[in-house]
Amino acid sequence: MVAFSGWERYSRIWIDGEEVTAPMQIDVSNFLLAASVTQAVVLSVFLVLPSNIGQTSNRLLVVVLLSIAAGYAEMLLYSAGLTARHPNFAYLGTLMSVLQPPAIYLYTKSLMRRDFAIKPRHWVHLLPFCTAAVVFFFAYYLQPVEVKTEILLEQDLPGMPTSLPLALVIHGVFLSYLIYSVHSLRRFAAGVKDIFSDVESKQMSWLKVLLSGYAVIWTVSLLYCLAFYVFKCSTEIDYVLMISGASGFLFINMLVIQALKQSAVFSGLTNEEAGLLEEREADKETVLPTDEQKNCLERFMNSEKPFLNANLSVNQLAKQMGMSPRDLSFVINHGFEKNFFDFVGDYRIRHATELLDLRQEGKTILEVMLDSGFNSKSVFNTAFKQKTGMTPTQYRNRNA
């Protein structure tokens with residue numbers, strides 16, 4: 001049995017005619033858990049409104065939120081002592097939460113592609129849930145009530161199996177999906193630089209950071225399980241529940257707020273853009289672009305200055321030049337050995353240095369930034385310093 005501390009009350013159950021006392025937590029951890037569950041359910045209701053439910057990403061986000069709510073509801077019922085009194089309802093939250101990692105992964109993919117849709121091949125991601133359902137059905141739900149109660153009284157954390165291998169598998173599923181989702185985001189962040197000249201809102205850094213943090217939490221949980229099962233180290237459950245409730249509340253709020261902002265500024269790649277990215281990844285060309293192709297592109301950039309358009313994309317530039325996006329990407333990637341973002345950025349920085357050299361009266365650094373095709377101060381300052389070794393202000397004042 002795990003030691004409990006804090007404000008507690010008790011429910012009474014009987015095993016083989018003997019009275020057993022089960023602790024019930026009444027403290028801030030319960031409040032945080034209840035707040036997390038309520039928040040997830042309310043936000044799910046908002047996302048299933050007719051104006052929102054049409055997007056695949058929103059439907060997947062609902063699955064993520066409800067699976068999180070189910071897991072935290074399991075903790076809340078355990079903390080309140082209700083699981084011990086109603087053992088047939090135990091582990092349902094844990095089972096539903098197994099839907100969470102594949103839902104997070106598919107949600108991540110849906111943000112990358114504007115036309116993303118659930119296809120038959122995606123149903124393979126239900127395999128962890130189906131496997132867990134079979135295991136829990138035979139290992140727990142088919143057992144007599146007395147055995148179920150004994151299992152619940154022996155567990156260290158709410159919803160955590162008494163079997164170390166099963167606990168490791170559940171943690172492994174979560175961490176595998178989270179790590180792969182972060183890896184997919186990193187590849188996507190690098191890929192969009194071959195398509196857009198403004199990538200700050202398209203790289204979804206917020207989701208990468210959020211999922212990385214979530215993976216850290218699950219890693220800590222894994223280490224805690226190993227400490228308990230292997231080294232027989234235990235801690236007071238109220239601290240674990242409090243940390244879980246607080247992290248869940250923060251994760252849910254950050255996920256939904258940033259998700260709504262993301263859909264407003266970038267709704268994913270179009271079919272044409274995604275196809276171009278796939279061609280770029282599969283490109284194994286060995287013949288380099290000709291000097292004429294490179295000179296033609298440079299002449300167009302210098303004369304027409306398309307880089308002054310802050311939202312310039314490789315498709316737009318290719319259309320202006322009367323060539324295919326694939327051919328243009330080939331010239332930039334292999335002829336100049338740069339991605340589209342860096343290629344356009346070099347012209348913008350060069351233009352900015354020219355404006356700063358002119359020292360036009362009254363023109364601020366911000367105006368120079370906007371006149372050069374940048375719409376982000378942080379991106380402008382970073383790119384400028386990388387190219388010149390100075391900040392825009394230092395560059396302007398270098399000969400003052």
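Residues numbered from 1 in each chain as written. Predicted model: local features only at pLDDT ≥ 70, side-chain atom pairs only at ≥ 80, totals over all residues. Heavy atoms only, no water.

## A few points about the overall build of the chain
- Assigned secondary structure in the chain consists of 18 helices and two strands.
- Going through the 400 residues of the chain one by one, you find that 49% of them count as buried.
- Within the chain, residue pairs in contact and separated by at least 24 positions form 73% of the contacts whose partners lie at least 6 positions apart.
- Carbon and sulfur atoms provide 61% of the accessible area of the chain, an area that totals close to 20200 Å². (Helix = DSSP H or I, 4+ residues; strand = E, 2+ residues; numbered from the N terminus. Buried < 20%, exposed > 50% of the residue type's maximum accessible area, 1.4 Å probe, protein only. Contact = heavy atoms within 4.5 Å. Areas by Shrake-Rupley, 256 points an atom, 1.4 Å probe, with all protein chains shown as cover.)

## Considerations on a nonpolar patch on the surface
- A surface patch of nonpolar side chains, about 300 Å² in accessible area, is lined by Val41, Val45, Val48 and Leu66.
- Residue placement: Val45 occurs in helix H1 (residues 28–47). (Patch = residues over 30% accessible without salt bridge, like charges linked within 9 Å, V, L, I, M, F, W, Y side chains within 5 Å. Salt bridge = Lys/Arg side-chain N within 4 Å of Asp/Glu carboxyl O.)

## Some words on unusual backbone geometry
- A positive phi is found at Lys305, a non-glycine position, where the angle reads about 50°.
- Its location among the elements puts Lys305 in the loop between helix H12 (291–304) and helix H13 (314–321).
- Taking the relative accessible area as the measure of exposure, Lys305 reaches 33% and is therefore partly exposed.
- Residues other than glycine seldom take positive phi values, yet Glu337 does so here, at roughly 55°.
- Looking at where Glu337 falls in the secondary structure, it is placed in the loop between helix H14 (325–335) and helix H15 (340–358).
- Assessed through its relative accessible area of 71%, Glu337 is described here as exposed.

## Quick word on the layout of surface pockets
- Here the second largest pocket is characterised by a volume of approximately 570 Å³.
- Put simply, the parts of the chain that give the lining of the second largest pocket at least two residues each are helix H5 (100–112), helix H8 (164–191) and helix H11 (271–282).
- Among the elements that make up the lining of the second largest pocket, the one with the highest residue count is H8 (five residues).
- For the lining of the second largest pocket, the residue count by class is nine nonpolar, three polar and eight charged. (1 Å grid on protein atoms, 1.4 Å probe; cavity = no way out; pocket = protein on both sides within 12 Å on 5 of 7 lines; lining within 4 Å. Points joined across faces, edges and corners; volume = space filled by probe spheres on them. Nonpolar A, V, L, I, M, F, W, Y, C, P; charged D, E, K, R; others polar.)

## Focus on the packing of H5 against H8
- Interaxial distance between H5 and H8 falls to 8 Å at its minimum, and their mutual angle equals 10°. The angle between the axes of H5 and H8 places the two elements in the roughly parallel class. Contacts from Gln100, Pro101, Pro102, Ile104, Tyr105, Thr108 and Met112 in H5 reach Val173, Phe174, Tyr177, Leu178, Tyr180, Ser181, Ser184, Leu185 and Phe188 in H8.
- Across the contact of H5 with H8, the residue classes break down as twelve nonpolar, four polar and no charged. (Axes fitted to C-alpha atoms, helices over the stretch in contact; angles between N-to-C directions. Parallel < 35°, antiparallel > 145°, perpendicular 65-115°, else oblique.)

## Observations regarding the packing of aromatic side chains
- What the rule picks out here adds up to 16 aromatic pairs.
- With centroids separated by 5.5 Å and ring planes inclined at 40°, the aromatic side chains of Tyr105 and Tyr180 adopt a geometry described as tilted. With Tyr105 in helix H5 and Tyr180 in helix H8, this pair connects stretches of sequence that are 75 residues apart.
- Among the aromatic side chains, those forming a connected cluster through ring pairs are Tyr91, Phe136, Tyr140 and Tyr141.
- The ring of Phe196 has Lys202 sitting right over it, with the charged end atom 4.9 Å from the ring centre.
- Across from the ring centre of Phe336, 5.7 Å away, lies the NZ or CZ of Lys294, which sits over that ring. (Phe/Tyr/Trp six-rings, centres within 6.5 Å; stacked < 30°, edge-to-face > 60°. Lys NZ or Arg CZ within 6 Å of the ring centre and 35° of its normal.)

## As for H14
- When you tally the buried positions in H14, you get eight out of eleven residues, the bulk of the element.
- At the exit of H14 stands Glu337, carrying a positive phi of roughly 55°.

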